[in-house]
Amino acid sequence: MSLRVLFIGGNGIISSASSARVIARGDELTLLNRGTSTTRPRIEGVRHLTGDAGDPASIAAAIGGETFDVVANFRSFTPDQVARDLELFEGRCRQYVYISSASAYQKPIGHLPITESTPLRNPYWQYSRDKIASEDLLVAAYRERGFPATIIRPSHTYDATLVPLLGGWTAIDRMRRGKPVVVQGDGTSLWTLTHTRDFAVAFTGLLGNERAVGEAFHITSDEALTWDQIGAVLARAAGAEFRPVHIASEAIARELPDEGPGLVGDKAHSVVFDNAKVRSLVPEYRAVIPFWRGAQEIVDWHDADASRREVDPELDAAFDRLIDRHGA
């Protein structure tokens, strides 16, 4: 039996492939977003509603009195937003799916691999603390009155539009110009990158699954690469040489304060995940896209349109300063 599904968002890095998969399996999908994204093609075969995920009145006006089997919010970042969703959707859906973050797991990490029972604590990054507080509200609502919440914790999920290196495309451009690239730490910490099409298999397999209600799951690849390996794979795809300069995350954070919390609170730590829990409910899930294939998609997508190859001159200059000051 098909499901009536509402995605708040639905055309982003994490959600676009999931939207396509929901449509392909025959569910009735409604996307609620501002309808202004030009990064990815407009998703066809769905009903589009226009609303602002940050404005609860806008969401309420867009959906009116409708009910859904599944509501998944890809654009919720703070406990205030979750509290408003509880008011809006309680009694109006059979499953509410919250997109949290694997960055919420304890830092420093106590043991590997990470499982869903790994404690949640991140004193370094407000984004992660907000996700933890949001999860706390949903867990309490489930325990106290049976609100049908499912929590999903993606790790570093990517598609062709995202360069998963410090500096994004600026780092690839530096490689092609023969310049060194800043890599946090000593380049040997392990990181897990998950292609959005792989993520979508597990994610959509949990939609409408009653056994997923009241539970939390992370969805990641089983491939763990060092940051130096990630840089080298991207350099190969770009036809360039990878010349890493290893700099402590704390030093990078002082030069680039906007990047600091995500580095010190997440990317500076090795992460390896155990996906046994999600596979127990979605046995067909396997991450089958290795990063070397994903890296080629990334480079090809950027090379297809010059406007996508945006270089940040201020960031480029900051990398030079970091290398002059700290690089061996």
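Everything below is about the structure shown above.
How each quantity is defined
- Residues numbered from 1 in each chain as written.
- Predicted model: local features only at pLDDT ≥ 70, side-chain atom pairs only at ≥ 80, totals over all residues.
- Heavy atoms only, no water.
- Buried < 20%, exposed > 50% of the residue type's maximum accessible area, 1.4 Å probe, protein only.
- Helix = DSSP H or I, 4+ residues; strand = E, 2+ residues; numbered from the N terminus.
- Contact = heavy atoms within 4.5 Å.
- 1 Å grid on protein atoms, 1.4 Å probe; cavity = no way out; pocket = protein on both sides within 12 Å on 5 of 7 lines; lining within 4 Å.
- Points joined across faces, edges and corners; volume = space filled by probe spheres on them.
- Nonpolar A, V, L, I, M, F, W, Y, C, P; charged D, E, K, R; others polar.
- Pairing = 2+ DSSP bridges.
- Axes fitted to C-alpha atoms, helices over the stretch in contact; angles between N-to-C directions.
- Core = buried A, V, L, I, M, F, W, Y, C linked by side-chain atoms within 4.5 Å.
- Polar contact = N/O pair within 3.5 Å; in protein donor to acceptor, adjacent residues only side chain to side chain.

## A word on helix H5 (residues 169–176)
Taking burial as the measure, the eight residues of H5 include seven buried ones, the bulk of the element. For H5, the complete set of buried residues consists of Trp169, Thr170, Ala171, Ile172, Asp173, Arg174 and Met175. Where the residues of H5 are buried, they touch strand E8 (181–184), helix H7 (227–237), helix H11 (291–303) and helix H12 (313–326). Among the residues trailing H5, Gly178 stands out with phi positive, at a value near 80°.

## Some thoughts on unusual backbone geometry
With omega at -10°, the peptide bond leading from Lys107 into Pro108 counts as cis. With respect to the element layout, Pro108 can be found in the loop between strand E5 (93–99) and helix H4 (126–145). With an omega of 0°, the peptide bond running from Leu112 to Pro113 counts as cis. Mapped onto the fold, Pro113 is located in the loop between E5 and H4.

## Comments concerning the layout of surface pockets
Summary: where empty space remains is shown by rolling a probe the size of a single water molecule over the atoms. One number sums up the size of the second largest pocket: a volume of about 180 Å³. Taken together, 13 residues form the lining of the second largest pocket, with Ser16, Asp159, Ala160, Thr196 and Arg197 sitting closest to its centre. Counting only elements with at least two residues in the lining of the second largest pocket, the list comes to helix H1 (15–24), helix H6 (196–206) and H11. Looking at the lining of the second largest pocket, its residues break down into four nonpolar, five polar and four charged.

## Digging into the sheet that holds strand E6 (residues 149–154)
Reading across the sheet, the seven strands line up as E3-E2-E1-E4-E5-E6-E10 and stay open at both edges, with parallel pairing between neighbours. The two strands at the open ends of the sheet, each matched to only one other strand, are strand E3 (47–50) and strand E10 (216–219). Adjacent strand axes in the sheet meet at a mean angle of 20° when their direction is disregarded. Examined bridge by bridge, strand E1 (residues 4–8) and strand E4 (residues 68–73) share four bridges and lie parallel to one another. When the sheet's bridge partners are listed, Leu6 is paired in E4 with Val71. Where H6 meets the sheet, it contacts E1, E4, E5, E6 and E10, and its direction lies at approximately 160° from that of E10.

## Examining empty space enclosed by the protein
Within this structure, the stated rule accounts for one cavity of 30 Å³ or more. Considering only enclosed or pocket space, the largest cavity measures out at about 30 Å³ in volume. Taken together, Ala53, Pro56, Ile59, Gln81, Arg84 and Asp85 make up the full set of residues lining the largest cavity. Those elements that provide at least two residues to the lining of the largest cavity are helix H2 (56–63) and helix H3 (79–89). The element that contributes the greatest number of residues to the lining of the largest cavity is H3, accounting for three residues. Residues of the lining of the largest cavity, tallied by class, amount to three nonpolar, one polar and two charged.

## Structural notes on the sheet that holds strand E9 (residues 190–195)
Spatially, E7-E9-E11 is the arrangement adopted by the three strands of the open sheet, whose pairing is mixed. Only two strands of the sheet have a single partner each, and these edge strands are strand E7 (156–158) and strand E11 (224–226). On average, adjacent strands in this sheet sit at an angle of 45° to one another, irrespective of strand direction. With three bridges joining them, E9 and E11 adopt antiparallel strand pairing. The residue of E11 that forms the bridge with Leu190 is Thr226. Strand contacts of H6: E7 and E9, with the helix running at about 75° to E9, the strand carrying the most contacts.

## Focus on the nonpolar core
Ranked by size, the top nonpolar core spans 31 residues in total, and within it Val163, Leu165, Ile172, Met175, Ile230, Leu234 and Phe291 carry the most contacts. Elements that contribute at least two residues to this core include exactly H5, E8, E9, H7 and H11. Counting residues per element, this core draws most heavily on H7, which supplies six residues. Residue contacts for Leu165: discarding those within four places in its chain leaves Ala171, Met175, Trp227, Ile230, Gly231 and Leu234. Grouped together as the second largest cluster of nonpolar side chains are 27 residues, Phe74, Val97, Ala212 and Tyr285 included.

## Quick look at the side chain of His195
Mapping His195 onto the fold places it in strand E9. Residue classification places His195 among the buried positions, given a relative accessible area of 1%. Of note is the side chain of His195, whose polar atom sits 2.9 Å from the side chain of Glu297. Apart from residues no more than four positions distant in its own chain, His195 is found in contact with Thr157, Tyr158, Ile289, Gly294 and Glu297.

## With respect to the side chain of Thr192
The topology assignment puts Thr192 in strand E9. A distance of 3.1 Å separates the side chain of Thr192 from the backbone oxygen of Val271, its partner in a polar contact. Apart from the residues lying within four places of it in its own chain, the contact partners of Thr192 are Ser155, His156, Thr220, Ser221, Glu223, Ala224, Val271, Val272 and Phe273.

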